[in-house]
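What the coordinates show
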Amino acid sequence: MGYSYLFTCRKCNHSQQLYEGWRFMEHDQTPESIMNSNQIKLHYKTRQKIKALAQSHEQLQLKTEYKIYRCHRCLQLSDKLVVAVWNGDHLLHQTQFKCANCNTRLKHTNIHRVKFAICPKCKSKLFEKSKALMLWN
C-alpha cells in the first residue's frame, strides 16, 4: 500500500503527482519475478547488479518501494523506485539516485515536512502540496 501526493505550482499551474510506498505484491520478491515483471521498470544498471548478485547468492530477496526525494541543492522533488537486495538479514545493494538537474546525490525526504519545492517547469518556489494524501495500490 502506498500514498500519492499532488503538488501544484501557484505561478504556472503545473502539477506533478508523486508516489511513496509499495504497491500490492511488489515487495519481498525473487530476482526472477522482478526481472520478468512488466510492471516494474528497472534501470539497466540495477538489472545488471541484480543479475550479478543472483549468480553469487542463492537466496536473494528483493524489496521494491517508491520513495520521494528532494535535492538539497536545487530543491526539486522526484519519486524513485528503490530496490533493496537482501540475502537473509544482510543488505547487499540498495539503489542510489542523483538529481537529473544538478547531479547531486539525492536523499530520501519526509514529504510531510516539505513546505515547498521548486517547480520543474517555471522554477518558482510556489510549488506546493495541493492535495492531501491518497491511498494507491
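For the structure given in this document, a descriptive report is provided here.

Before going further, it helps to examine the packing of aromatic side chains. Here the structure, examined in full by the defined rule, presents two aromatic pairs. Sitting over the ring of Trp86, Lys63 keeps its end group 5.4 Å from the ring centre. Over the aromatic face of Phe116 sits the side chain of Arg70, whose NZ or CZ is 5.4 Å from the ring centroid.

A few words now on the pairing of strand 4 (residues 77-87). In the sheet, strand 3 (residues 60-70) pairs with strand 4 via 11 bridges, with the strands oriented antiparallel. When the bridges of strand 4 are listed, Arg70 appears paired with Leu77. Connecting strand 3 to the next strand, strand 4, in antiparallel fashion are six residues, including Leu75 with a positive phi near 65°. Bridging between strand 4 and strand 5 (residues 90-94) involves four bridges; their strand directions are antiparallel. Within strand 5, the residue paired with Asn87 across the bridge is His90. Taken together, strand 4 and the strand that follows it, strand 5, pair antiparallel across an intervening segment of two residues, in which Gly88 is found at a positive phi of about 70°.

A regular strand places its side chains so that they alternate between the two faces of the sheet. Of the pairings in the sheet, the one linking strand 1 (residues 2-9) to strand 2 (residues 15-21) comprises seven bridges and is antiparallel in character. Residue pairing for strand 2: Thr8 is matched across the bridge by Ser15. As consecutive antiparallel partners, strand 1 and strand 2 are separated by five residues, and within that stretch Asn13 has a phi angle of approximately 70°, a positive value.

This part is about the state of the cysteines. Within the structure shown, the criterion is met by zero disulfides. Cys9 takes part in no disulfide bond, and the closest cysteine sulfur, belonging to Cys122, lies 3.6 Å away. Taking the relative accessible area as the measure of exposure, Cys9 reaches 1% and is therefore buried. Between Cys12, a free cysteine, and Cys119, which holds the nearest cysteine sulfur, the sulfur-to-sulfur gap is 3.7 Å.

Rules used in this analysis
- Residues numbered from 1 in each chain as written.
- Predicted model: local features only at pLDDT ≥ 70, side-chain atom pairs only at ≥ 80, totals over all residues.
- Heavy atoms only, no water.
- Phe/Tyr/Trp six-rings, centres within 6.5 Å; stacked < 30°, edge-to-face > 60°.
- Lys NZ or Arg CZ within 6 Å of the ring centre and 35° of its normal.
- Pairing = 2+ DSSP bridges.
- Helix = DSSP H or I, 4+ residues; strand = E, 2+ residues; numbered from the N terminus.
- Disulfide = S-S within 2.5 Å.
- Buried < 20%, exposed > 50% of the residue type's maximum accessible area, 1.4 Å probe, protein only.

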